[in-house]
Amino acid sequence: MSLESDLGSYLRRHRERSGLSVDAVATGSRIVPRLVDALEAGRHDLLPAPVYVRGFIRAYCQQVGADPERALQLYDANGIPDPALAIPPRRAAPPREPGGGRWRRVAAGSLLVAVLGAALVVLLTRRQPDAAAGRGSGPRMTAVRAPTTPGPAAPASPSPAETTDSAGTASPPVPPAPATPVPVERILLMRAVETTWVRVTPDGARPTEETLPPGAVREWRSPGRFHVTVGNAGGVEIELDGRALPALGGHGQVVRDATIPSERP
C-alpha cells in the first residue's frame, strides 16, 4: 500500500520528518505511547471506539504538523464507521389494541367511579345524625388550671468564655488560637511562539516535559517556585501570577534549571 493510502505510514512519515519520537508525540498529544504505536502500525483492533480514535488522530497531526483532514480520510478508507454517525434501526410500532378492549376499560372505570361516589354519599348520611345527637343541652365542664407557685431561681451558669477559680474570682476569657496561614499558590503560564521543548518542576511535584508547538499554552501551579529548562528560550512567553516576565534567553538558546521566581515568595 502506498504512503498516501495508508494511515500508519502517513503519520509515521510526518513524525520522522518533524524529528519527534513516539514518547514526545505521546506527551504532547496526551495519548499513551501504546496507542501511538497502534495508530502507526494500523492495529485497529488495539484502538478504542472510532469516535475516540478520530480525536487521537487530530491531536497526533497537531504535534507533527500533518493535515488532519487527509489523515481522517485515510482512516475512513479502512471502512470503520463511527458509531456516533450510525443510523439506529427503526423500531416496529406496537400492535394496536382492538377498539372493543378500549371501550371495555372506559366502562369499567366509569362503573368504579359510580360505586365510590355512592359509598361516599352513604357514609356522609350516616355521620350527620351522629353529629346532631352529640350536640346536647347538658352542662359543660370547664377545666380550671391550678395556680403555680414560683420556686427558687436557678443560679446563672457562667458563660463559656469565663471561668472561676477556687476562690470564686472570674478569670479573663481565653483568646482563640490564631489560624494557621495557608500558603499562597502561584501560577506559571507559558505561551509558545515557536516550537520549543520545555521541562517544568514545581516545588513538591513531579517534573513535566513536552514539545510545545506554536500557539500552545500550558499552565503549572506551585506553593513556592518553579524550576524550568527550555530548549529554545526565545520561543516562549512566560507569565507568573498574571504578570509577564522577561525572556529567559535568546532564540535557539538552551537554558537549564532556571528558578522562577528567583527570590523566595
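Further up the page is the structure itself.
A quick note: this is a predicted structure, and the numbers were derived from the prediction, not measured.

A. Main features of the overall build of the protein chain. Across its full length, the protein chain holds six helices and ten strands. Sequence-distant contacts, at least 24 apart, represent 57% of the contacts inside the protein chain between residues at least 6 apart. Accessible surface for the protein chain amounts to roughly 19100 Å². Of this, 58% is attributable to carbon and sulfur atoms.

B. Quick peek at the pattern of salt bridges. Across all of its chains, the model carries eleven salt bridges by this definition. When the shortest N-O distance is used, the salt bridge between Arg218 and Glu210 registers 3.0 Å. With a relative accessible area of 10%, Glu210 lands in the buried category. Shared partners join several salt bridges into a network, and the residues in it are Glu185, Glu219 and Arg221.

C. Quick look at the sheet that holds strand 5 (residues 208-212). An order of 5-4-7-10 is seen for the four strands of this open sheet, with the pairing classed as antiparallel. The sheet is open, and its two edges are formed by strand 5 and strand 10 (255-260), each paired on a single side. Each adjacent strand pair in this sheet contributes to an overall mean axis angle of 20 degrees, direction not counted. Pairing of strand 4 (residues 196-202) with strand 7 (residues 226-230), which is carried by five bridges, proceeds in the antiparallel orientation.

D. Seen up close, the pairing of strand 3 (residues 186-192). For strand 3, the buried fraction is high: five of the seven residues fall into the buried class. When strand 3 meets strand 8 (residues 236-240), the two strands line up antiparallel, connected through five bridges. Residue Arg191 lies in a different strand from strand 8, and its bridge partner there is Glu237.

E. Region of interest: the side chain of Arg218. Residue position: Arg218 is located in strand 6 (residues 217-222). Judged by relative accessible area, which is 18%, Arg218 ranks as buried. Here Glu210 takes part through its side chain, which lies 3.0 Å from a polar atom of the side chain of Arg218. Dropping the residues within four chain positions of it, Arg218 is found in contact with Gly28, Arg30, Leu188, Leu189, Met190, Glu210 and Leu212.

F. Region of interest: helix 5 (residues 68-76). Listed in full, the buried residues belonging to helix 5 are Ala71, Leu72, Leu74 and Tyr75. Around the axis of helix 5, the buried residues are gathered within 160 degrees of arc, so they sit on the same side. Buried residues in helix 5 make contact with helix 1 (7-18) and helix 4 (50-64). You can read the cap of helix 5 off the contacts: a side-chain oxygen lies 3.2 Å from the backbone nitrogen of Glu69, and it is on Asp67.

G. Just the layout of surface pockets, in detail. Taken as a whole, the largest pocket holds about 150 Å³ of empty space. Looking at the largest pocket, the residues that line it are Arg186, Ile238, Leu240, Arg243, Leu245, Pro246, Leu248, Thr259, Ile260, Pro261, Ser262 and Glu263. Where the lining of the largest pocket is concerned, the elements lending two or more residues are strand 8, strand 9 (243-245) and strand 10. A per-class count over the lining of the largest pocket returns seven nonpolar, two polar and three charged.

H. Quick peek at the sheet that holds strand 9. Here four strands make up an open sheet; going across it, the order is 6-3-8-9 and the pairing antiparallel. The strands lining the two open edges of the sheet, one partner per strand, are strand 6 and strand 9. Averaged over all neighbouring strand pairs, the angle between strand axes comes to 25 degrees, with direction disregarded. When strand 3 meets strand 6, the two strands line up antiparallel, connected through six bridges. In the strand pairing of strand 6, Leu189 is matched with Glu219.

Scoring rules and cut-offs
- Residues numbered from 1 in each chain as written.
- Predicted model: local features only at pLDDT ≥ 70, side-chain atom pairs only at ≥ 80, totals over all residues.
- Heavy atoms only, no water.
- Helix = DSSP H or I, 4+ residues; strand = E, 2+ residues; numbered from the N terminus.
- Contact = heavy atoms within 4.5 Å.
- Areas by Shrake-Rupley, 256 points an atom, 1.4 Å probe, with all protein chains shown as cover.
- Salt bridge = Lys/Arg side-chain N within 4 Å of Asp/Glu carboxyl O.
- Buried < 20%, exposed > 50% of the residue type's maximum accessible area, 1.4 Å probe, protein only.
- Pairing = 2+ DSSP bridges.
- Axes fitted to C-alpha atoms, helices over the stretch in contact; angles between N-to-C directions.
- Polar contact = N/O pair within 3.5 Å; in protein donor to acceptor, adjacent residues only side chain to side chain.
- Arc of directions from axis to C-beta.
- 1 Å grid on protein atoms, 1.4 Å probe; cavity = no way out; pocket = protein on both sides within 12 Å on 5 of 7 lines; lining within 4 Å.
- Points joined across faces, edges and corners; volume = space filled by probe spheres on them.
- Nonpolar A, V, L, I, M, F, W, Y, C, P; charged D, E, K, R; others polar.

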